[in-house]
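Here is how the chains run, residue by residue.
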Amino acid sequence: MRIGVLGTGSMADALAAHWVRAGHEVTVGGRDPRAAERLAARLGGGARPAGLRAAAGSGEVVLAALPYGAGAGVVRELRGALDGRVLIDCSNPVGPGFRLLTEGGPSAARRLAEAAPGARVVKAFNLCHEDVWRMRPPVFGGRPLAVPVCGDDPAALALVHGLVRDAGCAPVSGGGLDRAGLLEATAALFIGLWVGEGADAQAIAPPLAYASGPGGAGGGRGRTPVAGDGRSGGRP
């Protein structure tokens, strides 16, 4: 598969390295030609440098590895080149105090979709630090990292699920693009817990067998309990 990468930073480096190793043709695009050349050389495997517009038009899939504040503007400039392409948004709109910068407005992914209405935007790869993505592969306790993926186009989702697997991870269907904001809010919460509190965010969720209560799937009888509703064991 041909993959364009917009950006030359850590996320571009970490994710593109997996895809180069998987045999994909990667074009790295940046405003700074020397930065694009350095990253392409570091990736090896035939990765080639280019400008942003050339990278946007080079692949079936394009990774927007761009800061939240710059992403929509860059994508708007490139919207013609992005028509029909799958555009992956891995950004996290998280500001000082672990505050969600999109609160009250569209998600970062939705802003990209509005900036390039001809692109098929998919939200993925936003919940982990870039050094996790550098792992070969990201496996913990024998279990591959699960990667939630949100988008509206089935064909686009299938391609991104494949790229998740190429990184050694397990794709998880996260719903439509309207749920991308939930992924971004989850990132804000988790980063605040990990960095701000030194807490193990993974420990806040029970194992899947207990997701519907101690009785498991059978005990839940198809109903998702709500804490505090007076019927699920929670206190009002």
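Placed above this text is the structure.
Residues numbered from 1 in each chain as written. Predicted model: local features only at pLDDT ≥ 70, side-chain atom pairs only at ≥ 80, totals over all residues. Heavy atoms only, no water.

Draft legend 1. Structural context of empty space enclosed by the protein. By the definition in use, this model includes one cavity of 30 Å³ or more. In this structure, the largest cavity occupies an estimated 80 Å³ of space. Of all the elements in the fold, those that place two or more residues in the lining of the largest cavity are helix H4 (68-77) and helix H6 (108-115). For the lining of the largest cavity, the element with the most residues is H4, which contributes four residues. (1 Å grid on protein atoms, 1.4 Å probe; cavity = no way out; pocket = protein on both sides within 12 Å on 5 of 7 lines; lining within 4 Å. Points joined across faces, edges and corners; volume = space filled by probe spheres on them. Helix = DSSP H or I, 4+ residues; strand = E, 2+ residues; numbered from the N terminus.)

Draft legend 2. Geometry of the packing of H4 against H6. Closest axis-to-axis distance for the H4/H6 pair is 8 Å, and the angle between their directions is 20°. Judged on the interaxial angle alone, H6 and H4 are roughly parallel. Two packed elements cross with a definite hand, and for H4 against H6 that hand is right-handed. When H4 is examined against H6, the residues Tyr68, Gly71, Ala72, Val75 and Arg76 are found in contact with a partner set consisting of Ala108, Arg111, Leu112 and Ala115. Residues of the contact of H4 with H6, tallied by class, amount to six nonpolar, one polar and two charged. (Axes fitted to C-alpha atoms, helices over the stretch in contact; angles between N-to-C directions. Parallel < 35°, antiparallel > 145°, perpendicular 65-115°, else oblique. Left-handed = near helix turned anticlockwise from the far one by under 90°. Contact = heavy atoms within 4.5 Å. Nonpolar A, V, L, I, M, F, W, Y, C, P; charged D, E, K, R; others polar.)

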